[in-house]
Amino acid sequence: MACCPPLVTAALSERDADTMAAMFKALADPVRLRLLSRVASHPSGEACVCDIADVGVSQPTVSHHLKKLREAGLLTSERRGTWVYYRPAPGVLASLGAFLADTEKAGKEEISRGVQVS
């Protein structure tokens, strides 16, 4: 999923801003962040809901949070028998990282240029 140019290289379109806002809104909840982390870090690259549900909330709440992560485009899911398996949506983690990457670097480069010009 290639969404948006890095934050420091171009202004976001309204559509891209809506897409990124939905992702960040979904990630703003600690339980959702933990669930995404458990899925993304699972050794097989995907995780059964039975493997990641122990995050301190009830199973219906886990299901609700996983649904929100899917709706935001962060996870995909596949039902196999009675279990649902989750994996990060293709390219989404790289896209989020690229969107936020270079923020510090770009700021330092801008400061360095300002110091050299002075």
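First, a word on scope: everything that follows refers to the structure included in this document.

Criteria and thresholds
Residues numbered from 1 in each chain as written. Predicted model: local features only at pLDDT ≥ 70, side-chain atom pairs only at ≥ 80, totals over all residues. Heavy atoms only, no water. Helix = DSSP H or I, 4+ residues; strand = E, 2+ residues; numbered from the N terminus. Buried < 20%, exposed > 50% of the residue type's maximum accessible area, 1.4 Å probe, protein only. Contact = heavy atoms within 4.5 Å. Areas by Shrake-Rupley, 256 points an atom, 1.4 Å probe, with all protein chains shown as cover. Axes fitted to C-alpha atoms, helices over the stretch in contact; angles between N-to-C directions. Parallel < 35°, antiparallel > 145°, perpendicular 65-115°, else oblique. Nonpolar A, V, L, I, M, F, W, Y, C, P; charged D, E, K, R; others polar. Salt bridge = Lys/Arg side-chain N within 4 Å of Asp/Glu carboxyl O. Phe/Tyr/Trp six-rings, centres within 6.5 Å; stacked < 30°, edge-to-face > 60°. Lys NZ or Arg CZ within 6 Å of the ring centre and 35° of its normal. Pairing = 2+ DSSP bridges. Polar contact = N/O pair within 3.5 Å; in protein donor to acceptor, adjacent residues only side chain to side chain.

Another point: the overall build of the chain. Of the regular secondary structure elements, the chain holds six helices and three strands. For the chain, the residues scored as buried account for 28% of the 118 residues in total. Residue pairs in contact within the chain that sit at least 24 positions apart in sequence constitute 55% of those at least 6 positions apart. Surface accessibility of the chain: about 7200 Å² in total, with carbon and sulfur atoms responsible for 57%.

With that settled, the discussion passes to the packing of helix H2 (residues 30-40) against helix H4 (residues 59-71). Pairs of packed helices are described in terms of their axes, by the angle between the two and the distance that separates them. Viewed as axis vectors pointing N to C, H2 and H4 meet at an angle of 75°, and their least axial separation amounts to 10 Å. By the criterion of interaxial angle, the relationship of H2 to H4 is roughly perpendicular. Between H2 and H4, the residues in contact are Val31, Arg32, Leu35 and Leu36 and Val62, His64, His65, Leu66, Lys68 and Leu69, respectively. Along the lines of polarity and charge, the residues of the contact of H2 with H4 split into six nonpolar, two polar and two charged.

The tally for this structure, following the rule as stated, stands at six salt bridges. Glu71 is the partner of Lys68 in a salt bridge, and the nearest nitrogen-oxygen pair spans 3.8 Å. A residue pair is termed a helical-turn pair when its members lie 3 or 4 positions apart in one helix, as Lys68 and Glu71 do in helix H4 at three residues. Residue classification places Lys68 among the partly exposed residues on the basis of a relative accessible area of 33%. Accessibility expressed as a relative area gives 52% for Glu71, which makes it exposed. Here the salt bridges share partners, and the residues they tie into one network are Glu46, Glu78, Arg80 and Arg87.

One pass over the structure, following the stated rule, counts zero aromatic pairs. The ring centre of Tyr85 lies 4.3 Å from the NZ or CZ of Arg80, which sits over that ring.

The next thing to look at is the sheet that holds strand E1 (residues 47-48). Across the sheet, which stays open at both edges, the three strands sit in the order E1-E3-E2 with antiparallel pairing between neighbours. Where the open sheet ends on each side, the last strands, each with one partner, are E1 and strand E2 (75-80). In terms of strand pairing, E2 meets strand E3 (residues 83-88) through six bridges, oriented antiparallel. Of the residues in E3, the one forming a bridge with Arg79 is Val84. Lying on the sheet, H2 is in contact with E1, E2 and E3; it crosses E3 at an angle near 90°. Across the sheet, H4 lies against E2 and E3, angled at about 125° from E2, the strand it touches most.

Moving on, we get to the side chain of Glu46. The residue Glu46 is located in the loop between H2 and E1 in this model. Overall, Glu46 belongs to the buried group, its relative accessible area being 16%. Engagement of the side chain of Glu46 in a polar contact is seen with the side chain of Arg80, the distance being 2.9 Å. Not counting residues within four places of it along the chain, the set of residues in contact with Glu46 comprises Arg80, Tyr85, Tyr86 and Arg87.

Without other data, these values stay purely geometric and don't point to any function.
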